[in-house]
Structures are given as C-alpha cells and as structure tokens.
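Chain by chain, the residues run as shown.
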Amino acid sequence: MKLKLTWLLTLFMAFVMQFSFSQERTITGTVTGADDGFPLPGVNVIVKGTQRGAQTDFDGNYTIKASEGEMLVFSYVGYETAEVRVGASNSVNVSMKAGNVLDEVVVTGYATQTKAKSSVSSVRVTAETIENRPNASFVQTLQGQVPGLNITTSSGQPGGNSTVQLRGVGSINGDTEPLFIIDGTPVDQDNFRSLNPQDIISIDVLKDAGATSIYGNRGANGVIVIKTRQGSFNQGLRVNYNMFVGFNTLQNNDYNYMNSQELLTYERTRGNGAGAGNSTSVFNPGAGQPMTDAQIAAAPNFDWLDFFFRTGVTQNHNLSLSSGGENSTQFTSFGFNDTQGILINSGLKRFNIRSNVTGKSSNNKFNYATNLTLNYSKSDEPDAIGTGGINRNFVLGAVQSVPYITADDYTTGADILSPLSFTNTPLFLLDLSRTFTRFEEEVRLVGSFNASYALTDFLTANVVMGGDYQNEIRTRAEAPDSFNALLFGGARNPTSGFQDQQTNRIFSYNQVTSLNFNKTWGKHTVDAGAYTEYFKAHFRGFGFFQRGLDPKTFSPGDGAAFIPDNSANDLFVDNVNATIRNAGLFSYFGRVSYDFDERYGFEATVRRDASYRFSGSNRWATFYSLAGRWNISNEAFMEGSVFDVLKLRGSYGTAGNQDITGGGLFGGPDLYLDLFSTTAGYGNANSIALSQIGNRSLRWETITTANIGIDFEIFNRRLRGAFDVYERKTEDLFQSTPLSAVTGFTSLPANTGLLFNRGFDFQLNYDVVRATTEGGLNIAVGVVGNYNETEIDEVPNPEGEIIGLGRNGGKLFEYFSLRYAGVNPANGELLYLDANGNLTESPNADTDRVWLDKNIFPDWQGGFNTSISYKNFFLDTQWTYLIGVDRFDFDYAGTIDPDNVGQFTASRDILRAWQQPGDITDIPSWTAANRNSFGSDRFLRSADFLRLRFASFGYNFPAKYLENTGFSNVRIFFNAENLFTFTEWRGFDPETRSNGSRTFPTPRTLSVGFELGF
C-alpha cells in the first residue's frame, strides 16, 4: 500500500511540475531611458512576489524566467520603478522615466545617504568613463572629470605615479594628496600600477569639510573612495570578457632640430666640432681640416629621437564572472596587462585576480562582504631620467645627440672609452641599453572584510577591517664589460660591474568599529553613529650593493657572478642595509545628521585623533565639521517652476594633516626628539655628537574649509549642474625657522605660517538632443572647471619673504628672478630690466630680481565632454585644459646654447643669432659676454594647454543580431588618448609638473578592442 501511494505522489508531483514548466517561459527585453532612449545597464528586474531576478547588461538587455500573468518589477537608481505584466509575448521592452536624481545614493564619509539628504560637496565618477582605457593607472583617467581635481602625470613610465591635488595645494612640505580608500581599506596614494582599473565600479571624490572632517588625521586634502564590482542577488552566472590592443607613440615637439648638413655647416662656421674637422668623436671625416661641402652633403642623418623612443604596444585582457543566489553573491575577475613604454627599456607587465563576496542572513539582519585582490607586476624602469648624465639618461640621448653619428658606429663599450668625447653620447647610451638592467617586481594584496548586524530596526553594529600588503624588489645591475663599468673601474678593476637589490615590505591594517542609529518619526529623521578607528603600519627593508661581477657567469638578478672580497684590495667590499619602521594612529569620533521632510537638514561630526609622530603633549588633536542644506525645490512655493531640483548647501570644518614631512606613512617619525650619533672627535677618537635638535612643540597641520554650494536641475532635467565657492586655510605649516648658529644648527623644523586656497568650481551637463524613439539621435555635452588662487602669509622671515617659497600675500612658490628684455641690436648682448624697469646689460642679481607673480600651479583647470549616440553607434570625447601654468623650458635652452657646439645637436633657431649691428632678433650673439652671466626668466614659458584627452568611437550590436549566438552583448570600440594638444609650449608635454629637463614625456595612444558578454 505504501509503495502504491509513493508512486501516486510521484506521478502527481511530476504532473504538477510539468504543468508549471509548461507555463513558465523565458522572457527577454531591453530597458531604456524614456528621456534619451539610451540603454540602461544594471537595472534590477524581479518577478514580483518571488526571489527570481536578473539585471540588465551593458546594452540594457535582460533575460528572466516568468509565467504569463506574473508582474515584472523594474527598478533603477534615479528612475521611477516600473511594473509590467507578462502577456502572451516572450519580449517585454520597458522605457523607464527619470525620477528625482537626488534619490541617488552618495558617499558622505563612513556612511551613505541619498543625494537629497546630502549636505556635502562630492562628485561620482562611474565605470563607464574608466574602463577599457589604455592607462596602466586608473588615476590618470580621472583627469578633467571632477571639478577641482588636478591630476598631473609627469612621467610616461607605464603605471608611473601621478600627482593628485584637490582644490589647490594644501601644504608646503607636507602631504598634499587626498586619502584613497578601496572597499574600506586606506591604500598607498602613490602606487596604483599593480591594481586593475577594470575592477572599479565607481569613484567618489569628497571635497568639502562636511565630507572629509570625519576622516580627521588623513582627510585634510580630500578623500577619494573607490568601490569595486560586486555580483547581484538572484542572478545567474554572467561572464564578461574584454580586451584591447594599444599603440603608444611620442607626442610632438617644436624644437626645430637641425639635420646633419645644417649642424655640420654651423659647426664649420663656429670652428668647433666635426664640421670644423677637430672632433674627437667616432665621426670626423675632416681629420683636422674643415669638412668640404661634398663631405657635409654625404653625412648621414640618423634620428636618435626615433631610436630611443619607439612605438610601444599595449595589450589588456580581462575576464570576469559574477553570480548570486538568494542570500549571497560573488564577483571574480582575472586581468592581464602588458604595456611597452615609448622609451626603450621601459614597460609594465601585470597580473590581477580579484574575488568579491557578499552575503546576508535570511532575515536580512546580518550582512557581510569580503573583497580581496592579488596582484603581481614587473616594471622595467630606465635609470637616471631627468638628469644630465650623458652615460645614464636615455631621454638626454634622444633630444641632444648629433644626427651625423649613427647606431652603426657602435661596436663595443671598450671602443668608445678613449678618446672620451661628449659627441659620442648616443653611443654611451646605446651601450647602456644593452648592458644595464633595472626592474621592480611587486606583489600586492589589498583586502577588506565588513559586516553589520541589526540589533533593532533602528540600531546597527558595524565593523570594517582592511589590509594592504606590498612586497617590492628593485634590481639594478650593470654588466662588467659595459662602457660605464670599464670607465669607472679602469685598468685596476676590469670586473667593476655592480648589482644593487633592495627589498621593501609594507603592511598596513585599518579597522573601523561603529554603532549606528537611524530612525524616522513622521517627517523627522535622525541618523547618528559612534566610531573608533585603529591603524597600524609596518615597514621592513633589506638590501645590498654588490661590487664586482664575473662576466662569464653574469645574469641580472642572480648572484652567480658575485666576486667576493679579498685581502689584496678593497674593490669588492659590499654594502648592506636594513630598515625597520612602524607607524600608528588611533581615533574615536561621532557624527549626527537630521532631516526634516527632505527640505531641511544638518550634519555634524567631531573626531579625536592621535598620531605617533608627535610628542605626548601634542599627540592628540580634535577636528570637527558642520553642514546644512535647504532643498528649495521641495518647498510648496516652487511647484510649477522650471526647477526640478534646487538645493542650497554649506559646510564649515577642520581636518588634520599629520604627514607633515610629505614622506608617507613612515616619514619624520622622530622630529620631536634630540638625537645623537657617533662621529670622529679629537684625535680621531670615537665620539658622540648632537645630530638633531628635537622640537617637542611640533603639531598637526590643520586645514579649515568653508564651502557654499548649489545643486540644480531645470527643464525636465535637461540642464543639470552644481556650483561651489570655497576657502581653505592651512595653519601651523611645517617648515624651517631660523635658529642661532651657536646651537650648531641654523634652522629648526617648526609649525609656522599660513597658506590659503580660495576659489570656486562648477559642473554643468546639458542634453542638447534627446531621442524620441529607440535608436534615435542623442547629443549631450558637459563641462567641469575650477579656479583656484593660492596665497601664503606669515612667512618665517623678518622680511616676510623667502626665495623659493614666496612672499606674504603672494603665490606659493612664486618665481623670483631677473626679467629678460631681449637682445641689444647694437652689440648682440642680452638685455634685462633692473628693479625700476630700466634696460641694462649688467643687472645686479641681488637688487634687480623681482617677484614675477607666476608659479607652476594652474589658475584654471578642468575639462569638457561630448557624448553622441545614434543607431547603436557612439562617439564620446573628453577634453582637458589648464590655464595659468608657467614653467622653465630648459630643454629648449639647451638647443640654443652656443657653448654646446660640437658636442650636441641644436635648434635652427640659433642660426638667427645676432651677427652685426642693427640685427633685430631674440637670439644673442654666439659670443655675447653676458650669455651665461645671469639667471633670468628668459626661458620661462606658458604651459597652458587644451588637449583632447580621450576619444572613443564604437558600436553596440543590437540584441536581435545576437539571438542564438550565445552572446548577451557585443561591443567594439576605438579609443585615443592625448590625441591633440593645443599649446604654446614647445616641448613634448606641457602637462609635466616640473621645471626639470630631459624627462620622460607621456605618450599618445591609439587602441582598438571589444567586449563580449555571455
């Protein structure tokens, strides 16, 4: 009987399941925005009353199982929720209406709020403007996208560091860059080469005191919060693969270099160099006699710029998998990037793995997330870039080498030892490229864990733990048979190559524990939190410098060629080093925010911080902020107005900078201590001497920020924007103050002086054309901008000015110099202005120098963008601009230096030098007596520019073309970086934040790629 009943139940269940499956079918469709017709990625699609759900892909497409009569619910941030009942059709397309954009969730510092309830100044950058760009570091992609965020990349080294400054420069000697946080973990702000930009989903830039004061000891220069991708609940496995190939080339210059025939003729005229027949280089056809016209005509023309710089190839591959069940999600990605630098012997190879997991309990009281990324990179980095080393700096060889010497003139390093001629510079460097190795290998892990538990419906306990581990090994090796080894080793040491290896390990741990309260009574909402934060960092370094290598067994990085020390000489004595550093911070703080009916609100924070850098009396400091808002558009009297959104907000508060030396986590750990060191005393006896006078009064730099801003949207959200006015005042600046020499020292580090940054920033977006049908024409434009002026005060000097720093009431790092006034037509001498503005050939460097009201920082900076789409084609452009930057162009100075004749190449400009009385020119006589007598602003140039920073053209394949292919989305694209630059600057890259010369310029990049979704 029991057996029969089992069979009957089995048949009944099979019948029910068959009936159920016969009713449930696959529903597909596309979700677009009603205002512009653009596909909406990431829309949540749920079968109402069930746990079945899906998300739209990049093209707005979705697939879900549903039965006829069931209701599909479509929800998306910033849009009204839509519900559509499943009918007989297997296709359900939805057009979602834009809602109030203030419903968007924004980061406000250890918490999130809707934009309607936020009183702070912040900007979000989404993945759409970061992904698939051929930049090894994601930081470079932010340029021109955030008002007030100035990003300068001064090196073309793949993955090289960028300088990031928000609303001006907040310190003279201390740290000036924002705090970077990835998934709750504070990370090294100067090293992102090992991290994968494709993993990022959003970046929030927090700008005013209302947002940054809660970060206390590290929020003085702003905060940048980075979120990486996550899976979605109730989502099947989704696989995405994207790749691109890029080609990197050198940007243009306008130095107008001579060719060999012009240069040799110029040398013959000057009576020096190969053209004059007296060169000691490998090229000297004249052999003691000036070269003939025929010999000059037959001279080769070799492009050393093209030799030392190349077309570098970049390839990038990224595979991601995401899925989610009812109570957990996962996102996994694998990345590979291989970027050849445009300078020889430069490049970056990177491998990335990421695993992000989120989960929750069935009653939604407990939530957790883990984020872990494992990264390995190898960076090939040329040495001595930016120096004057004719045997070390490849860039010097590229821009200064004479064209009549060719690569074929090189044989071995030994052959160019004697006679030693500067004209052979490119051969020295060609030898270096074959015999010198420098690379850095890094293993980096960044991970975090966060969990929350709802104790009640209004009280939640939270913990966020994060760690950042970096292990870097730098290797430099010079072969024993290289030109440099033979030159410096000489006959006494024919095996004088070296190997230098340094290993650094850094681990930092951060934990935030909090208790959060959130409750609503009618129109009143209170959100509050109490927090503690613990931070600890450890540095361990070890390295050695090995002198002497056996050429028979030499291999860079290996020790088989090491020659041991011996009793016969001290040629092979090695150097070793070891370093231990520890750093720690501790904080407790609180915040509270109040909202009334989404019309009025205020927020307040207070934070107490302790830093290991200061003595006990100054170890603790307190910071605070107040912020408020008025949502004017929510008032009854605004009904029927053109404003969809109008919000007035303001904030005032303080934040601290404990990195007062700018040396990172471990810089300046003991400046409050008196230190002694061993030395040689009377009679060369071992002695102890005072090496540092401690300042126990050293304390935090404090930045006080006031901000007033307005957010608005008008004409049915067609025009959207924000405008902010601010002042930042830095007090207790860390800098040297004079000290009586009787102490044995002439200065003492102290807190003195003021620095102001005042300005405004703005952001505007306008939909020029909105499509009225699917696939119609859409045109949108946007602009961001910032004006900032710096002013220093209370300069620690009786005269109120310090050369190299500035003057009271003037710009930070204002130039102080003689003023160049041209060339005297009567005699070809250089002319200058004295302090009173009178012309002179012999200015007094002590009394005639003046402040120029110019510096290297921009007055205006920002960008503008356009976005055009039509019939699945898209074209996006992003322009950036800088105004008010002045830099010295010493590379150009070298090309018109008459003393370089016979050694280096020259610009054609030098051919217009003064020759006879009455000549009107800007180039002095080749023999002008004062040509090298005075430093002046002669080569100070405007470095303002307008640049097409990024352009992307591509095509999204429609869903109908992908049916039965197995693909959910396919996209192809063509990208360009640094495509055009309009500037008066004559060098390769006006963006470089440096007055140096012979530096590694950033490249122009063209790339092509595709994206596949499964």
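Numbering of residues starts from 1 in every chain and runs along the sequence as written. Only residues with pLDDT of at least 70 get local features here, since the model is predicted, and only at 80 or more are side-chain atom pairs given and counted; chain-wide, interface and lining totals rely on the full set of residues. Side-chain numbers here rest on the full set of heavy atoms in the structure, without hydrogens or water.

**Some points on the overall build of the protein chain**
What counts is decided by this rule: A run of H or I in DSSP becomes a helix once it reaches four residues, and a run of E becomes a strand once it reaches two; helices and strands are each numbered from the N terminus. Burial status follows relative accessibility: with a 1.4 Å probe on protein chains alone, a residue under 20% of its type maximum counts as buried, one over 50% as exposed, and anything between as partly exposed. Contacts between residues were defined by any pair of non-hydrogen atoms, one from each residue, lying within 4.5 Å. Residue burial considers only the protein chains on display, and all accessible areas are found by Shrake-Rupley using a 1.4 Å probe. His is not counted here, nor are the chain ends, while Lys and Arg score as positive and Asp and Glu score as negative. Charge positions are represented by NZ for Lys, CZ for Arg, CG for Asp and CD for Glu.
Helix and strand content of the protein chain: nine helices and 52 strands. Along the three orthogonal principal directions, the C-alpha set of the protein chain runs to about 115 × 70 × 65 Å. Out of the 1014 residues in the protein chain, the part that is buried amounts to 53%. Considering only contacts within the protein chain whose residues lie at least 6 apart along the sequence, 70% involve residues at least 24 apart. Taken as a whole, the protein chain presents about 42,800 Å² of accessible surface, with 56% of it coming from carbon and sulfur. Each charge class in the protein chain can be summarised by its mean position, and for the 81 positive and 104 negative side chains these summaries are 7 Å apart.

**Digging into the pattern of salt bridges**
Two side chains carrying opposite charge are able to pair once their charged atoms lie near each other. Defined as follows: Salt bridges are counted wherever a side-chain nitrogen of Lys or Arg sits within 4 Å of a carboxyl oxygen of Asp or Glu.
Per the counting criterion, the structure on display carries 51 salt bridges. Measuring nitrogen to oxygen at the nearest pair gives 2.9 Å for the salt bridge that ties Arg193 to Glu472. Here the residue Arg193 occupies a position in the loop between strand S14 (185–187) and strand S15 (200–206), and Glu472 occupies one in strand S23 (residues 459–478), the gap between them amounting to 279 residues. The residue Arg971 makes a salt bridge to Glu1011 at a minimum N-O spacing of 2.9 Å. With Arg971 in strand S50 (residues 969–977) and Glu1011 in strand S52 (residues 1003–1013), this pair connects stretches of sequence that are 40 residues apart. In this structure, Arg971 and Glu1011 share a single accessibility class: buried. Each of Arg193, Glu381, Asp383, Arg438, Glu440, Glu472, Arg474, Arg476 and Asp500 takes part in one network of salt bridges that share partners.

**Brief notes about the domain arrangement of the protein chain**
Test applied: Domain limits in this description derive from either an automatic procedure or a database domain assignment.
Along its sequence, the protein chain is organised into domain 1 (23–96) and domain 2 (105–242). Put simply, the middle of domain 1 and the middle of domain 2, counted by C-alpha atoms, are 32 Å apart.

**Quick word on unusual backbone geometry**
Between Ser418 and the following residue, Pro419, the backbone shows a cis peptide bond with an omega angle of -5°. Tracing the backbone shows Pro419 in the loop between helix H6 (394–400) and helix H7 (425–435). One non-glycine residue, Asn234, lies in positive phi territory at about 55°. Of note in the backbone geometry, Arg717 takes a positive phi value of approximately 65° without being a glycine. Relative to the assigned elements, Arg717 resides in the loop between strand S32 (701–714) and strand S33 (719–731). Judged by its relative accessible area of 14%, Arg717 is buried.

**Considering the UniProt feature "domain: TonB-dependent receptor plug" (unreviewed entry) in the protein chain**
Quick reminder of the rule: UniProt positions are given in the numbering used here, feature names are shortened, and annotations may be inferred rather than shown by experiment.
UniProt tags residues 117–223 as "domain: TonB-dependent receptor plug" (unreviewed entry). Across residues 117–223, helical content stands at 4% and strand content at 26%; the span's end C-alpha atoms are separated by 20 Å.

**Quick notes on the packing of aromatic side chains**
Rules: Pairing of aromatic rings covers Phe, Tyr and the six-membered ring of Trp, with a centre-to-centre limit of 6.5 Å; geometry is then stacked below 30 degrees between planes, edge-to-face above 60, and tilted otherwise. Geometrically, a lysine NZ or arginine CZ counts as sitting over a ring once it is within 6 Å of the ring centre and also within 35 degrees of the ring normal.
Going through the model one piece at a time under the given rule, you end up with 50 aromatic pairs. Ring geometry for Phe888 versus Phe890: centroids 5.4 Å apart, planes at 5°, classification stacked. Through a chain of ring-to-ring contacts, three or more aromatic side chains come together here, namely Tyr255, Tyr257, Phe309, Tyr892, Phe939 and Phe988. Lying over the aromatic face of Phe439, Lys378 brings its terminal NZ or CZ to 4.7 Å of the ring centre. Geometry around Trp985 places Arg887 over its ring, the cationic atom sitting 4.1 Å from the centre.

**A look at empty space enclosed by the protein**
Spelled out, the test is: Lining residues are defined by having an atom within 4 Å of a point belonging to a cavity or pocket. Those points lie on a 1 Å grid over the protein atoms alone, cavities being sets where a 1.4 Å probe fits but cannot get out and pockets being open sets with protein on both sides within 12 Å along at least five of seven lines. Grid points are joined across faces, edges and corners, and a volume is the space filled by probe spheres set on the points. Amino acid classes used here: Ala, Val, Leu, Ile, Met, Phe, Trp, Tyr, Cys and Pro are nonpolar; Asp, Glu, Lys and Arg are charged; the rest, including Gly, are polar.
The tally for this structure, following the rule as stated, stands at 14 cavities of 30 Å³ or more. Of the pockets and cavities examined, the largest cavity occupies roughly 230 Å³. Lining the largest cavity are 23 residues, and of these Pro134, Asn135, Gln140, Gly156 and Pro1003 lie nearest its centre. Going through the elements one at a time, strand S19 (328–340) and S52 are the ones with two or more residues in the lining of the largest cavity. Residue classes in the lining of the largest cavity are distributed as five nonpolar, 15 polar and three charged. Lining the second largest cavity we find 18 residues, and of these Arg887, Asp891, Trp985, Phe988 and Thr999 sit closest to its centre. Taken together, the elements giving at least two residues each to the lining of the second largest cavity come down to H6, strand S47 (886–888) and helix H9 (890–895). Split by residue class, the lining of the second largest cavity holds eight nonpolar, five polar and five charged.

**Things to note about the nonpolar core**
Let me state the cut-off plainly: In these notes, a set of buried Ala, Val, Leu, Ile, Met, Phe, Trp, Tyr and Cys residues joined through side-chain atoms within 4.5 Å is what counts as a nonpolar core.
The biggest cluster of nonpolar side chains holds 52 residues, and the ones touching the most others in it are Leu264, Phe283, Phe309, Tyr404 and Ile910. Of all the secondary structure elements, the ones that give two or more residues to this core are helix H3 (260–270), helix H5 (304–308), H6, H7 and H9. Contacts of Phe309, omitting those with residues within four sequence positions, involve Leu250, Ile342, Leu343, Val395, Ala398, Phe1000 and Pro1001. Counting residues in hydrophobic clusters, the runner-up holds 22 residues, among them Val123, Phe138, Val146 and Ile224.

**Describing the confidence of the model for the protein chain**
To keep things clear, this is the line we draw: The pLDDT value tells you how sure the predictor is about a given residue, anywhere from 0 up to 100.
Chain-level pLDDT for the protein chain is 90 on average; 95% of the residues reach the 70-or-more range. Within the model, pLDDT remains below 50 along residues 1–22, and this stretch shows zero contacts once partners closer than five positions in the same chain are excluded.

**Side note on the pairing of strand S13 (residues 179–182)**
Looking down a regular strand, the side chains alternate between one sheet face and the other. Convention followed: Strands pair, by our definition, only if DSSP identifies at least two bridges between them.
Of the two faces of S13, both are covered, the one formed by Leu179 and Ile181 as well as the one formed by Phe180 and Ile182. Bridging between S13 and strand S16 (residues 223–228) involves four bridges; their strand directions are parallel. Residue pairing in the sheet places Leu179 in a bridge with Val223 of S16. The turn linking S13 back onto S14 is made up of two residues, and Asp183 within it adopts a positive phi angle of 50°.

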